[in-house]
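Summary of the model geometry
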Amino acid sequence: MSQDPNKKVTKSFQCRDALWQKFEQMSKELECSVDYLINDAMKQYARQRGYGAGAAAAGGPSLPPPIPSAAAAAPTAPPPLPPPPGARAMTPPPAPPPKRAGGAPPPPPPPIVGGVRKGAPPPPPLASRSVPPVRGGGSAHPAGMNLTIHYQGEAFQVTKDRFIIGRGKQTSDLTIKDPNVSRQHAMIEFSSGQYYIVDMGSTNGVEFNGQRVQRKVINEGDSFRVCDHELVFTYD
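I will try to describe carefully the structure that is included in this document.

Each value, and the rule that gives it
- Residues numbered from 1 in each chain as written.
- Predicted model: local features only at pLDDT ≥ 70, side-chain atom pairs only at ≥ 80, totals over all residues.
- Heavy atoms only, no water.
- Helix = DSSP H or I, 4+ residues; strand = E, 2+ residues; numbered from the N terminus.
- Buried < 20%, exposed > 50% of the residue type's maximum accessible area, 1.4 Å probe, protein only.
- Contact = heavy atoms within 4.5 Å.
- Areas by Shrake-Rupley, 256 points an atom, 1.4 Å probe, with all protein chains shown as cover.
- Pairing = 2+ DSSP bridges.
- Salt bridge = Lys/Arg side-chain N within 4 Å of Asp/Glu carboxyl O.
- Expected span 1.5 Å × (residues − 1).
- Axes fitted to C-alpha atoms, helices over the stretch in contact; angles between N-to-C directions.
- Parallel < 35°, antiparallel > 145°, perpendicular 65-115°, else oblique.
- Nonpolar A, V, L, I, M, F, W, Y, C, P; charged D, E, K, R; others polar.
- Lys, Arg positive; Asp, Glu negative; His and termini not counted.
- Polar contact = N/O pair within 3.5 Å; in protein donor to acceptor, adjacent residues only side chain to side chain.

**Structural notes on the overall build of the protein chain**
Helix and strand counts for the protein chain stand at three helices and 13 strands. Classification of the 236 residues of the protein chain by burial places 23% in the buried group. Sequence separation of 24 or more characterises 34% of the internal contacts of the protein chain that already satisfy a separation of 6 or more. Working note: accessible area of the protein chain is about 18,100 Å², and carbon and sulfur atoms make up 57% of it.

Have a look at this one:
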């Protein structure tokens, strides 16, 4: 039976006092623990050395490559050939004004005052229509597709096509105060008429039914875990 790659065990090591003081200073500025910074530094070093640290080592699925659009895949039409030398474009002469009875020229059109021609009937009023308001800079979703996150007894409505969950106060729409949560941990994405939860490369990941997921469709009543925090999703 293989060991759990996400299991954490207390380890001891030696380092210079000056280096440890720098990690303590960074933990205060980034609002996280020193253990989190050391784990992240070790993961980045292993990845640079080609040991595949991160989601690939944990067996997590990766996002498929984007599918090129039909417009991008279609061959472009060749540019039109230039006209042969010496050829000139032939433009038809302007049509003569209509003649009135008796040979008198037609009267000039009435002057335009304030953007409306004098004597012309007023334009019909535009039909009024109601547009649903959109909060948070997102787009309006069809009826029954309003998503709500229930966390610690509070309800947070998803009002954006890219709703961020994380530890950072300035970079997250739903803030979770936990040093084990990444600054931008997960994202709620609205795409092709469905909501998805997407792991944004976090250290501790997103779990559904005890398994770590990278990207999953959100269904009614689904419960996801971000570290030790449970998020329940409902539609209305």
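From this point, things continue past the structure.
**Quick word on the pairing of strand β5 (residues 162–166)**
In terms of burial, β5 is a largely internal element, four of the five residues being buried. Pairing between β5 and strand β7 (residues 186–191): four bridges, direction antiparallel. Its bridge partner lying in β7, Ile-165 is registered against Ala-186. Inspection of the sheet shows β5 paired to strand β6 (residues 174–175) by two bridges, in the parallel sense. When the bridges of β6 are listed, Ile-165 appears paired with Leu-174.

**Overview of the sheet that holds β5**
Strand order in the open sheet formed by five strands is β6-β5-β7-β8-β11, and the pairing between neighbours is mixed. Whereas interior strands pair on both sides, the edge strands pair on one side only; in this sheet they are β6 and β11 (215–217).

**A word on the pattern of salt bridges**
Under the defined criterion, the tally for this structure stands at five salt bridges. Glu-189 is the partner of Arg-215 in a salt bridge, and the nearest nitrogen-oxygen pair spans 2.8 Å. Taken as a pair, Arg-215 in strand β11 and Glu-189 in strand β7 lie far apart in primary sequence, 26 residues in all. Here Arg-215 falls in the partly exposed class, since its relative accessible area comes to 33%. Glu-189 sits in the buried class, given a relative accessible area of 17%. For Asp-199, the salt bridge identified is with Arg-212, shortest N-O distance 3.9 Å. Residue Asp-199 is found in strand β8 (residues 194–199), and its partner Arg-212 is found in strand β10 (residues 211–213); the two are separated by 13 residues along the sequence. Overall, the relative accessible area of 5% leaves Asp-199 in the buried class.

**With respect to helix α1 (residues 17–30)**
The end-to-end C-alpha separation of α1 is 20 Å, in line with the 20 Å expected for 14 residues at 1.5 Å each. Glu-31 occupies a position one or two residues after α1 and carries a positive phi of about 60 degrees.

**What about helix α2 (residues 34–48)?**
Its 15 residues give α2 an end-to-end C-alpha distance of 21 Å, which sits within 8% of 21 Å, the value for a rise of 1.5 Å per residue. Among the residues of α2, those classed as buried are Val-34, Tyr-36, Leu-37, Ile-38 and Lys-43. The inward-facing, buried residues of α2 abut α1.

**Things to note about the packing of α1 against α2**
Axis separation between α1 and α2 bottoms out at 9 Å; the angle between their running directions is 110 degrees. For the element pair α1 / α2, the angle class is roughly perpendicular. Of the residues in α2, those in contact with Trp-20, Phe-23, Glu-24, Met-26, Ser-27 and Leu-30 of α1 are Val-34, Leu-37 and Ile-38. Residue composition of the contact of α1 with α2, by class: seven nonpolar, one polar and one charged.

**Focus on the side chain of Asp-178**
Inspection of the secondary structure puts Asp-178 in the loop between β6 and β7. Comment: no salt bridge for buried Asp-178; closest opposite-charge side chain is Arg-167, at 7.7 Å. A polar atom in the side chain of Asp-178 sits 2.9 Å from the side chain of His-229. Leaving out residues up to four positions away in the same chain, Asp-178 has contacts with Arg-167, Cys-227 and His-229.

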